[in-house]
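Here are the chains, one letter per residue:
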Amino acid sequence: MRYEVQGDLFELQDVFDNGQCFRWNRNEDGSYNGVFHNISLNVKKSEGKIIFEGIAKLNQKEFESEIVKYFDLERDYESYRDKLSIVDDNLKVATEFGKGLRLLNQDLFETIISYITSANNNIPRIKGIIHKMCEKYGKELEDGTHAFPTIEELSKAEVEDLRALGLGFRDKYIYKTTRYIKENPTFLPSLYNMDTEKCRKALESLEGVGPKVADCILLFSDLKRMDVFPIDVWVRRVMNELYFHTEEVKLSKKEIRNMAELKFGELQGLAQQYLFYWRREKE
DNA sequence: GTCCAGGATCGGA
DNA sequence: TCCGATCATGGA
């Protein structure tokens, strides 16, 4: 299956390597391969087009609408960049750097498990663990890749099985959270109808989900809330450098959040991602 | 050997 | 409400 869109809708590297996703890998020819929703996809740029080629048990129309949704193609990121770039010179630089960035609408369960895995961990290792998790528990697709495990599939894993993937102390969190979601089938669907505050609290009731992970789930899944501000070491670092000019250990999350609200308002989640990506690539 | 990574949880002040 | 200790793992 194949689908083409205009080439200026996004840049591959800015989308896949900004830290929001863990299942996309760059090939030698500069294209990327990844899997979402039982779709195994290759994405490349050629002659001013973005070309999606993949394997999926869908008709053409469904295939296209899955891509439009996942890559958030209906949102106008150019207008977002315009709004943020006039905030100050910092955002002008960061949005220019990450010009081709988009926030994916990733599967909610996958995003929850992935970001529980991310706690006190680094991105290459997170990717490795999730890869192994998919290989072991996810359904194999026609081309030999694996889908992310469903709730049912992952709930078959025992704690020690999860530990064997390299999850460390996060094994219990994933075990308990998966079982809770399995035993409460209305939990995930109900999140879509909540305002952001309620939704965050509901997510934080899950084992292994604290404030930072909850914000990432809200921002990077198909819940897609922009009015959140995930704070990790990099965001703390960049916010300190740009807006506080003080010892970063002294800054409370409250202070950073208040500053983000003040500066970026309802687009603070997106602003956070431009800043994170810019600061991290600069290192 | 130490330090670090898209932190959360727990117990105690 | 807010601290500090603790929690696995692997790469630098």
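Bear in mind the structure is a predicted one, so any value in this text is a computation, not a measurement. (Residues numbered from 1 in each chain as written. Chains lettered and ligands numbered in written order. Predicted model: local features only at pLDDT ≥ 70, side-chain atom pairs only at ≥ 80, totals over all residues. Heavy atoms only, no water.)

**Here's the deal with the nonpolar core**
The condition is simple: For this analysis, a nonpolar core means a set of buried residues of the types Ala, Val, Leu, Ile, Met, Phe, Trp, Tyr and Cys, connected via side-chain atoms within 4.5 Å. Any residue under 20% of the maximum accessible area for its type is buried, any over 50% is exposed, and the rest in between are partly exposed; the area is computed with a 1.4 Å probe on protein chains only. Source of the domain bounds: an automatic or database domain assignment.
Core analysis: the largest hydrophobic core is formed by 68 residues, its most contacted members being Leu203, Met239 and Phe264. There are two domains that each give this core at least three residues, and those are domain 2 (108-220) and domain 3 (233-282). The next biggest cluster of nonpolar side chains, apart from the first, holds 23 residues, and it includes Tyr32, Ile39, Val68 and Leu73.

**What about the protein's contact with DNA strand B?**
Let me state the cut-off plainly: Nearness here has a simple test: a residue counts as near a molecule or strand if at least one of its heavy atoms is within 4 Å of that partner. Each polar contact in these results corresponds to two N or O atoms within 3.5 Å; when the atoms are within protein, one needs to be able to donate a hydrogen and the other to accept it, and residues that are neighboring in sequence are counted only if both atoms are side-chain atoms. Put simply, DSSP H or I for four residues or longer makes a helix, DSSP E for two residues or longer makes a strand, and each gets a number counted from the N terminus.
Lining the immediate environment of DNA strand B, one finds 30 residues, of which Gly19, Ile123, Gly208, Gln272 and Gln273 sit closest. Per the 4 Å cut-off to the protein, sugar and phosphate atoms form 62% of the nearby atoms of DNA strand B. One of the backbone N or O atoms of Gly19 is found 2.6 Å from a base nitrogen in DNA strand B. One of the backbone N or O atoms of Asn121 is found 2.9 Å from a sugar or linking oxygen in DNA strand B. Taken together, the elements giving at least two residues each to the surface near DNA strand B come down to α12 (211-220), α13 (233-244) and α15 (268-282).

**Regarding the domain arrangement of chain A**
Let me state the cut-off plainly: Accessible-area loss on putting two parts together, using a 1.4 Å probe and summing over both, is the definition of buried area adopted here. Any Lys or Arg side-chain nitrogen located within 4 Å of an Asp or Glu carboxyl oxygen qualifies as a salt bridge. Gly is put with the polar residues, along with every residue not named as nonpolar or charged; the nonpolar set is Ala, Val, Leu, Ile, Met, Phe, Trp, Tyr, Cys and Pro, and the charged set is Asp, Glu, Lys and Arg.
Taken as a whole, chain A is organised into domain 1 (2-74), domain 2 (108-220) and domain 3 (233-282). Of note, the centres of domain 1 and domain 3, computed from C-alpha atoms alone, are 29 Å apart. Among the residues domain 1 hides against domain 3, the three largest losses belong to Asp14, Asp17 and Asn18. Together they make up 75% of the total. Our count for the contact surface shared by domain 1 and domain 3 stands at zero salt bridges. Across the side of domain 1 that touches domain 3, the residue classes break down as no nonpolar, four polar and two charged.

**Looking at the packing of helix α5 (residues 108-117) against α12**
Keep this limit in mind: Axes, fitted as lines to C-alpha atoms, cover a helix only where it is in contact. Angles between the N-to-C directions of the axes lie from 0 to 180 degrees. Note: crossing handedness is left-handed where the near helix turns anticlockwise from the far helix by less than a right angle, and right-handed where it turns clockwise. Any pair of residues with heavy atoms lying within 4.5 Å of one another is described as a contacting pair.
Where α5 meets α12, the closest approach of the two axes is 9 Å, and the angle between their N-to-C directions is 150°. Once α5 is placed against α12, the crossing between them reads as right-handed. The segment α5 lies against α12, with Leu108, Thr111, Ile112, Tyr115 and Ile116 engaging Val213, Cys216, Ile217 and Phe220. Of the residues belonging to the contact of α5 with α12, the class tally is eight nonpolar, one polar and no charged.

**Quick look at the protein's contact with DNA strand C**
Around DNA strand C lies a shell formed by Asn120, Asn122, Arg125, Arg163, Gly166, Gly168, Phe169, Arg170 and Lys254. Counting only atoms of DNA strand C within 4 Å of the protein, the fraction found in sugar and phosphate groups is 62%. Phe169 places a polar main-chain atom, nitrogen or oxygen, 3.2 Å from a sugar or linking oxygen of DNA strand C. Considered class by class, the residues forming the surface near DNA strand C number one nonpolar, four polar and four charged.

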